[in-house]
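Summary of the model geometry
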Amino acid sequence: MRPATCALVVTSLAFAAQPAQVEGLKAFHRAGQTFLTWNDPEDAFGDKPVTWGQLRDAKPRLRYCVYRSDKPITAENLKRARLLAEVAALSGFNANSWSLERLINQTVFANDDHGELMKYGPFKGWSMDSPEGGQLLIPRFAIEDGKPLPPGTGLYVHSATTKGNAFYAVSVVADGAESAPAALAQPVAEEPAAWEPVEQPSGGGFGFDFRGTRRFYVTWVAPPLAPRPMYFNWSVLVPPDCKEPAPVELFFHAPGYSYARPPVKFIERSIQICPHDFPFSGWYGYRDPAQEGVVRPYTLRRIEAFLKWAQGRFPIDPQRIIPVGGDGAALIALHRPELFAYVLITGFEARQLDPKSAKEFEAAWGPRSPDIKDEQGRGSWAWGEPDVLLCGKPMPSVVPKTDPPPPPEPEAPGNRTELPLFVCRSYSWGRNPDYAKGRGRFYYALQSTRHALHAHWAWGGNLTTPEKFSGLWQGLDLTNTAPIPAITYSSEDKEGEGGGHQNHSYTWSDVKEDADSFEVAIQGQPSTFDLTPRRLFKLKPKPGEKFRWETACQEVPHWARRKKPEPKSGTIAADANGLITLKGLETATGYKLVVRITREK
Amino acid sequence: MRKLPALLILALAGPAFGDIVTQRFPASVAPSGAGAIARFDLAALPRDTRIIRARFLPFIKIGGVPLDEPVVIHALDKDAATAVGKPLELVPPRFATLDATEVVRLWASGKLANHGLGIRGSNVDQRRACLEITFDGILKDPPPPVTGLKAFYRAGQVFLTWGEANCPFAGPDEVKWKDLKADLDRIRDGKGPVTTYRIYRHTRPITRATIAGAELLDEVGQHSAFDEREIKTEWKGEQIKNVRVGDAPVPRTAVEEKAMLPIGTGVWATTCRKDGDFYYAVATTVDGVENSVALDAGNTAGPLHEKVAPTEPIFLREQPLQYQKRPQHCYVWWLDPPLSSLPAFIHLSLSPPEKEPEGPRVLFIYNWWWGSGWNRAAQYPTAESVGLTIDQNCMRTRGVHDGYGTLKAWSQGKVRDTFVRQFRALLPWIKAKYNVDDERLFALSSGWAWHYPDLFAAVFECTTMNLKRSPAGNECKRYWGDPKTPAPTEWGVSAWEYWNAPEWIRSNPAVELPLITYAPRMHTGDFGILDKPPLYRALLDTRRAWSTVFGEGPLIGHKDPDWMFALRRSDSVAAFGNCSLDDNPGIGFGGDPHGQMNAWLAFEPRTQVDAPDRWEMTLYLLSGDKRGRNAAPLDACTADVTPRRCQKFKASPGDKFAWTNTSVADGKVVQTGVAEADQWGLVTAPKVLISKGKNRLAIQRAK
């Protein structure tokens, strides 16, 4: 959408012996936000590429005060205008777009190295603060889709909270003295609306990216999507010829990385959306500056808002949104499970358990304290601990092989919450740091609350990914409305570095659900296991309600078919949480186990 | 530097004293400024004696790396501050000693006062540095002579063998490595008497009277017949790797077919430089004292009727390959410059095909890792090939500085690709002996073969294609110098950049290359990952014929390369690009870990049309074997197709062409289009539909 630019006249106001007045002040309003630009003489780089090092090491003299009022601003009434912000010089640069991926790309596809990269871990220590980090080129913002700001432009974006006309002025502060404000003679007509991302220049692109077109966006946000006016970068990759509704891979980058170019994308025809957790929020949120002791999920809200916008902009299939990544993917699936078809965990980071990372989390959330809570009243950073979110308490990182994990708290949210399937690579969030001990806290939490998990951590682990071209996971078309069988307490589960996995050998098919019955066929290695139907949308068992169940084995092609397990049947009552769990089911090589559960009449 | 008076540099012929004596005169070394001064007491040198030869032996440790700066050694004038005359020159063929003949002659004649030698550039061994002077005198206590010298000429080379004097291992059938190592360590450290053998050549019989006029060709150490490459090793883990087993017997090399040399035999070989009849002698020395008097039938030989001719490997034995049902013929090949920077022998093996093809055979060279040229684990990807392996060191196949293993500095030599020279020199012999089609040479290579389009029809590259970005490349600093200060090379550019395949390919779009497949094969941590995405980018952007698989494991970067072995070096090739089945190789991180690019695509080289105005090729997607293995994941894809390496089909930038794509299965035209030759004269048909049922692409010059 092309924004309407107001025809504005800048009024000069005489202030003596003060810094030169701001020139070129302009404003326009678009999608609930007013974009103010002015000439920033500190940005004297012209058309030349500008590196992060130049911006980082710059020592600008000038700052800019942005004023807003419902009346025309003059020198006389300036004090009555609201000071929205003091904006640093060089605000026209998208400094938060700094990205390790971009830097790696810039380095790898150039040939400027003379042996510096001839080592293990060539990018170790590279960050915004390192000398190497300074070499990255930083683009200027676009405030109209794809058009970078002209060199020498300052920028401030105000998000409107009320409908009406607003007047703006900007002054310069240098060496403690403030200039006369440059004020807009005409008001800006503002109206609250859903804020829209603005497409940014693509820059040089990447040496290789996944097939399709990657677009970069910036969202300028304020409460309730951020604690204060902030901006965030995103990228969206749309596959070629994408006309039909496509699944979404919502990618959560690893610490130190960014939105710009994820390392993985699994489904050829998926749309990939990549948020940026910078400034760092632990993929959750920040303290609310307006309310002491409250941490709000600004980041989750921001991502939801972006998804909503993206659904209007791209052909997105809302039933097939898949979070991909580490802790961020897990957290959003735990906090907003209904949005997602399933979750692909490429590896947990669990940095909030690492004392070395505490400062970063404290900066976003405040100290780990029972007095600092989220909106649900959870304290001590519990909103970021997946096992606590499910079980209401931390789970152990190691449970003896012969024992079940401890039960959750009786009223633990995980009993009643319906989660998507978690497909995970590597050890669980909250693993024991000792070599090859246990599975980790989250996997035990999923088991004890009987949720669906498919995890593999042997020798670093393999992620069972969806098939590239069909998009099916293990032949299944998983959606956020598809029932899933949660397999728990399998005798086939393995511990240890060389074999560790949970439910990795099971597949299922032929899921059927209606108001009175549920059916699924399970295949796997010879083993026994418990089965809990999850994400039931039609068959809704009530606590204590009785069901009849039966199993039967059907042959499937296999060269080493074993003895056919005997059919089983019985009745079972839904537990206090309305869950039906069939215990001790048995699979054998060469058969699929068909399980049918029917409401007793 | 002051020049010597012309008169003083004349060689002085003194009176004969009877014997040719070689004696060492220890140096007294003292630091001086940035270098040192070595002074010599030559009082024991008979007055006015004839100096036949003099060498300065600095005993500078040769660490396998050329010196950072040249060793500069001059005679000094009386104030010991000014260099006199030319600096001493390194003595070939080993370049470990310096020729001081001229200086010592001047000193001995009194024409130049002996103020010692000024040394700059490297630290000499103060304990062992000496002058070794050969002069007319009275020889006392000569060491025992060698016995049983045999000399013969074979295929452009002369071979000498003899019974070593003072051999500590005479007697037993085998020598254990720990025993040999102990004596080699002793010799290296100069502990106890050190025996060497001087090799002389003359146009006349070599006697006590004529040896002074003989040419000193080389000096060979004790234990020259032992073949350390073949000592059994044990794997000691990733950090230590292979270690030689102390109790393992040490085999010996060979100079004749199927005949390993006996213990206690000394050996030397050289390549003939001119036709003629020559005599040879081998003289024992102990700590420099040479037995130049006991010259008889036991240590002299000749004449040999020598002719300059291509040299040939010596067949030693046949053994079975470990993983394939075919024999391996093991050869020893004796080399010297320019095929090797130092005199040496190497191992190579040839394996006749499992399945005899009609007509000449494919030659497949297997040199991508470390190992012996007799490595039985070689696996040749086509049963109809002759397999060749030359001593393997994948870090040295791209060239080594010729100062490696000598006292030359980086600036005194060049990086030269002796490995490929060896291959080229061998080819005529292989072609004749093994019936090889030299249009169908293929290589399993770790980054070297792609640079030789004049040799190979296709190359299967692995490990790393840019050592500047590979942790393993640190080894090449020993051969090429530091990337920041690279050594001179035979190519005129830094070896780091000459072998930087991504950049070289990008910078030379018009140079045709073999069909290239690439697979990292293994140890991407060691070989690096940063070379790969730029390589793929360069191959794509310059429209090469190539494919890759990303994951560790496969040796060949194609899902099924069988079809490639029908390719001839003079065939045109179909270069695929932007295939819709391509996976993502990442940007130095990330990407599809087990992905591929172009690896499901193939073409039929034998039915191609390469005419001035028309090019045709049958293209297809792999449909897999009977079990469906190696089948492309979809039945059809699209890819850009560019004719490359054309012999006749040539275009100038801007030329117009029309193309048609016909389904081979039903003969129907499925696509048509027009294309314009790009700035390099390359014509690309974009997004060509390619199916498992095969498609015939025809590109015709527009009228």
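From a predicted model like this one, the values you see are computed outputs, not experimental measurements. Counting of residues starts from 1 at the beginning of each chain's written sequence and follows it residue by residue. Lettering of chains starts at A and numbering of ligands starts at 1, both following the order in which they are written. Residues qualify for local features only when their pLDDT is at least 70, as the model is predicted, and side-chain atom pairs are given and counted only at 80 or more; totals for whole chains, interfaces and linings, by contrast, use all residues.

What counts as a helix is a DSSP run of H or I of at least four residues, what counts as a strand is a run of E of at least two, and both are numbered from the N terminus. When you go through chain A residue by residue, the secondary structure sums to eight helices and 34 strands. The reference for a compact globule is 2.2 Å times residues^0.38; the radius of gyration itself is calculated from the C-alpha atoms. The C-alpha atoms of chain A give 28 Å as radius of gyration, which agrees with the globular expectation for 601 residues (25 Å, within 12%). With the principal axes as the frame, chain A shows a C-alpha extent of 95 × 60 × 50 Å. By residue count, 44% of the 601 residues in chain A fall in the buried class. Our exposure labels follow a C-beta count within 10 Å of each residue's own C-beta, placed from the backbone: buried means 20 or more other C-beta atoms, exposed means 12 or fewer, and partly exposed covers the counts in between.

Looking only at helices and strands, one finds eight helices and 43 strands in chain B. A pair of residues counts as a contact when their C-beta atoms, built from backbone coordinates, are separated by no more than 7 Å. When contacts within chain B are restricted to residue pairs at least 6 apart in sequence, those whose partners lie at least 24 apart make up 72%.

Let us now look at the interface of chain B and chain A. Each partner contributes to the interface: chain B provides 25 residues, whereas chain A provides 23 residues. Looking at which element gives the most residues to the side of chain B that touches chain A, the answer is helix H8 (residues 532–541) of chain B, with three residues. Residues were grouped as follows: Ala, Val, Leu, Ile, Met, Phe, Trp, Tyr, Cys and Pro as nonpolar; Asp, Glu, Lys and Arg as charged; and all remaining residues, including Gly, as polar. In terms of residue class, the side of chain B that touches chain A is made up of ten nonpolar, nine polar and six charged.

Before going further, it helps to spend a moment on the nonpolar core. Nonpolar core, as used here: buried Ala, Val, Leu, Ile, Met, Phe, Trp, Tyr and Cys residues forming one set through C-beta atoms within 7 Å. Ranked by internal contacts, the top residues of the largest apolar core, which has 185 residues, are Leu160(B), Leu388(B) and Phe442(B). Once residues lying within four places of it in the same chain are set aside, the contact partners of Phe442(B) are Val362(B), Phe364(B), Phe456(B), Ala457(B), Ala458(B), Val459(B), Phe460(B) and Phe565(B). By size, the runner-up hydrophobic cluster in this structure holds 157 residues, among which are Val170(A), Phe216(A), Tyr443(A) and Leu582(A).

All names here are of chain A. Taking burial as the measure, the ten residues of strand S21 (residues 316–325) include seven buried ones, the bulk of the element. For strand S17 (residues 246–252) and S21, the ladder comprises six bridges, and the chain directions are parallel. The residue bridging Phe251 from the neighbouring strand is Val324, located in S21. At least two DSSP bridges between two strands are needed for those strands to be called paired. By the bridge criterion, two bridges tie S21 to strand S22 (residues 342–345) in an arrangement that is parallel. Each residue of the ladder has a partner; that of Gly325, found in S22, is Ile345. The crossover handedness rule: strands pointing away from the viewer, path from first strand over the helix to second strand clockwise, crossover right-handed. On the question of chirality, the crossover connecting S21 to the parallel S22 by way of helix H4 (residues 327–335) is right-handed.

At the junction of Pro223(A) and Pro224(A), the peptide bond is cis and its omega measures out at 10 degrees in the coordinates. Along the chain, the position of Pro224(A) falls in the loop between strand S15 (213–221) and strand S16 (230–238). The linkage connecting Pro337(B) with the following residue, Pro338(B), adopts the cis geometry, with an omega of 10 degrees. In the Ramachandran plot, Arg535(A) falls in the positive-phi region, its phi being about 55 degrees despite a non-glycine side chain.

All names here are of chain A. Strand order across the open sheet formed by three strands is S19-S20-S23, with mixed pairing between neighbours. The open sheet has two free edges, formed respectively by strand S19 (286–287) and strand S23 (373–374), since each of these has just one partner strand. Alignment of strand S20 (residues 294–296) against S23, held across two bridges, turns out to be parallel. Opposite Val294, over in S23, you have Lys373 as the bridge partner.

Moving on, we get to the sheet that holds strand S29 (residues 517–523) of chain A. All names here are of chain A. Across the sheet, which stays open at both edges, the five strands sit in the order S28-S29-S34-S31-S32 with antiparallel pairing between neighbours. Where the open sheet ends on each side, the last strands, each with one partner, are strand S28 (507–513) and strand S32 (568–573). The mean inter-strand angle of the sheet, taken between neighbouring strand axes irrespective of direction, is 20 degrees. Here an angle of 0 to 180 degrees is reported between the N-to-C directions of two axes, which are lines fitted to C-alpha atoms, with helices fitted over the stretch in contact.

All names here are of chain A. In this sheet, strand S10 (residues 164–174) lies alongside strand S5 (residues 62–69) in antiparallel orientation, the contact comprising eight bridges. In the sheet register, Arg68 faces S10, and the bridge partner there is Tyr168. Bridge count for S10 against strand S12 (residues 182–184) is two bridges, and the pairing is antiparallel. Each residue of the ladder has a partner; that of Val170, found in S12, is Ala182. Inspection of the sheet shows S10 paired to strand S11 (residues 177–178) by two bridges, in the antiparallel sense. Residue pairing across strands places Val173 opposite Glu178, the latter belonging to S11.

Here we take up helix H2 (residues 177–189) of chain B. To estimate how far a helix should reach, multiply one less than its number of residues by 1.5 Å. Helix length check: H2(B), at 13 residues, gives a terminal C-alpha distance of 18 Å against a target of 18 Å (1.5 Å per residue), a fit within 8%. Once H2(B) finishes, Gly190(B) follows within two positions and takes phi at roughly 65 degrees, a positive value.

Here Gly125(A) lies in the loop between helix H2 (100–108) and strand S7 (142–144). Along the chain, Gly125(A) and Gly256(A) lie 131 residues apart, while their C-alpha atoms are 9.9 Å from each other.

Before going further, it helps to spend a moment on helix H5 (residues 358–365) of chain A. An α-helical turn contains 3.6 residues, so a residue and the one three or four places further along point in the same direction. Residue and element names in this part refer to chain A. Residues Phe361, Ala364 and Trp365 constitute the buried set of H5. The buried residues of H5 occupy one face: seen down the axis, they fall within an arc of 80 degrees. With its phi angle positive at about 85 degrees, Gly366 sits one or two positions after the end of H5. Directions pointing from the helix axis toward each C-beta atom define the arc.

To continue, consider the confidence of the model for chain B. All names here are of chain B. Note: pLDDT gives the predictor's confidence per residue, expressed from 0 to 100. When pLDDT is averaged across chain B, the result is 93; 97% of the residues are at 70 or more. Counting contacts from residues 1–17, a segment whose pLDDT is below 50, to residues more than four positions away or on other chains yields 25 contacts. Here the predicted complex carries an ipTM of 0.92, next to a pTM of 0.93.

What follows concerns the environment of Arg56(A). All names here are of chain A. Positionally, Arg56 belongs in helix H1 (residues 52–57). Of the residues examined, Arg56 has 14 C-beta atoms within 10 Å and is grouped as partly exposed. Separated by 39 residues in the primary sequence, Arg56 and Ala95 have C-alpha atoms spaced 9.0 Å apart.

Quick look at the environment of Ser357(A) now. Examined against the element boundaries, Ser357(A) turns out to sit in the loop between S22 and H5. Those residues in contact with Ser357(A) that lie beyond four places of it in its chain are Arg351(A) and Gln352(A).

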